[in-house]
Protein chains: 2
Amino acid sequence: MRIGTLAERTGTSRRLLRYYEEQGLIGSQRSANGYRDYAESCVDKVIQIRGLLDAGLPTRVIREVLPCMDTPRAIRISAPTEETVALLEGERDRMTERIRFLERNRDAISEYLVAVREAQAEGAPQTPNSAEAAVSA
Amino acid sequence: MRIGTLAERTGTSRRLLRYYEEQGLIGSQRSANGYRDYAESCVDKVIQIRGLLDAGLPTRVIREVLPCMDTPRAIRISAPTEETVALLEGERDRMTERIRFLERNRDAISEYLVAVREAQAEGAPQTPNSAEAAVSA
DNA sequence: TCAAACCTTCTCATTGATGTGCAGGTCAAG
DNA sequence: CTTGACCTGCACATCAATGAGAAGGTTTGA
């Protein structure tokens, strides 16, 4: 498929897809006229890239990790070197750390939201902002 | 405490602490000589800022969120506007999404690592890279 | 008291990562 | 021939963070 189709199907701009290619995150064939020609699997790949970037992983890491998660999974074991395995183990651990971090902070926000609701429900049903004056010092 | 102490206790650079103040994330008193004087609570605050930034929240959002998470929690509810609450709910959901995504991808890496180990153990004990030739197409 | 070592201040400039905009040109279909 | 999708390449935008330099405060020990 061409870049416009991929852009539409993944919800990213054409420009960004070229950027990801430049960064080595995705690849493409070229048609005779020079147009990029993407495989079907690129759709999932791009979505995955978006997710990983949004999760805070830098492109450098995604570039390493992504080839190991090709679909269909079973086909490609692709003989990693020991260094690659070590790197992946490291990344896996870092991701676990990151997950914990996110959970802690999300929970803090959640707790706050609960506290706000409670304060609004019991404390000041008439003026929702009345807590401020009492506390703002 | 002065900036060097805070930097040491939070593991951030002095430079970055000044930057956070410039961004409105933390505050400080000034001593007679102009030196910044930080409250004890700043230690936790800075660590939390680090966590939230790492979680992908922009400073603009953290600036909104942070006053809501002051310790001790109970004292300050600080009357968020409805917009802030909505924003926080959005961020909370986005973080949950991110967590799910990270978990999925981390698990994919884990699975891959397991598959690699199995392949190495059973398939080709003599040449660890022999899988590559069979698959690399 | 003096000086060296260290800490702090401010400001301007820069880096690195993730994108976006746009100009100038090519290609293909109506 | 016009329109729209595509190409390359350069510049720009934003955000978080850092570097460097000049000037002044603080501490400590000779």
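These figures come from a predicted structure and were not determined experimentally. (Residues numbered from 1 in each chain as written. Chains lettered and ligands numbered in written order. Predicted model: local features only at pLDDT ≥ 70, side-chain atom pairs only at ≥ 80, totals over all residues. Heavy atoms only, no water.)

1. Points about the overall build of chain A
Across its full length, chain A holds 6 helices and 2 strands. Counting helices and strands in the order they occur from the N terminus, chain A gives α-α-β-β-α-α-α-α. Out of the 137 residues in chain A, the part that is buried amounts to 35%. Long-range pairs, those at least 24 residues apart, make up 46% of the contacts in chain A with a sequence separation of at least 6. For chain A, the accessible surface area stands at approximately 8,000 Å², while carbon and sulfur atoms represent 48% of it. (Helix = DSSP H or I, 4+ residues; strand = E, 2+ residues; numbered from the N terminus. Buried < 20%, exposed > 50% of the residue type's maximum accessible area, 1.4 Å probe, protein only. Contact = heavy atoms within 4.5 Å. Areas by Shrake-Rupley, 256 points an atom, 1.4 Å probe, with all protein chains shown as cover.)

2. Focus: helix 3 (residues 41-54) of chain A
Helical periodicity: at 3.6 residues per turn, an α-helix aligns residues three or four positions apart in one direction. All names here are of chain A. The terminal C-alpha atoms of helix 3 lie 20 Å apart, and with 14 residues this matches the ideal 20 Å at 1.5 Å per residue to within 8%. Of all the positions in helix 3, only C42, V43, V46, Q48, I49, G51 and L52 are classed as buried. Just past helix 3, the residue G56 takes up positive phi, approximately 105°. (Expected span 1.5 Å × (residues − 1).)

3. A short note on the environment of A:L25
When you line up the elements, A:L25 lands in the loop between helix 2 (14-22) and strand 1 (29-30). Overall, A:L25 belongs to the buried group, its relative accessible area being 5%.

4. What about the protein's contact with DNA strand C?
Close contacts around DNA strand C come from 21 residues, with A:R15, A:L53, B:R14, B:R18 and B:R36 the closest. Interatomic distance of 3.4 Å between a side-chain N/O atom of A:N33 and a phosphate oxygen of DNA strand C. Between DNA strand C and A:T59 there is a distance of 2.9 Å, counted from a phosphate oxygen to a side-chain nitrogen or oxygen. Put simply, the parts of the chain that give the surface near DNA strand C at least two residues each are helix 2 and helix 3 of chain A together with helix 1 (3-10) and helix 2 (14-22) of chain B. Of the residues forming the surface near DNA strand C, the biggest block, 4 residues, is contributed by helix 2 of chain A. (Near = heavy atom within 4 Å. Polar contact = N/O pair within 3.5 Å; in protein donor to acceptor, adjacent residues only side chain to side chain.)

5. Focus on the protein's contact with DNA strand D
Among the 21 residues in the neighbourhood of DNA strand D, the closest are listed as A:G4, A:R14, A:R36, B:R15 and B:N33. For DNA strand D, the backbone portion of the atoms within 4 Å of the protein, that is sugar and phosphate, comes to 62%. A:R18 has a polar side-chain atom sitting 3.0 Å from a phosphate oxygen of DNA strand D. Contact between DNA strand D and B:T59: a phosphate oxygen at 2.7 Å from a main-chain N or O atom of the residue. Elements represented by at least two residues in the surface near DNA strand D include exactly helix 1 (3-10) and helix 2 of chain A together with helix 2 and helix 3 (42-54) of chain B. Considering every element that reaches the surface near DNA strand D, the biggest residue donor is helix 2 of chain B, with 4 residues. Grouping the constituent residues of the surface near DNA strand D by class yields 8 nonpolar, 5 polar and 8 charged. (Nonpolar A, V, L, I, M, F, W, Y, C, P; charged D, E, K, R; others polar.)

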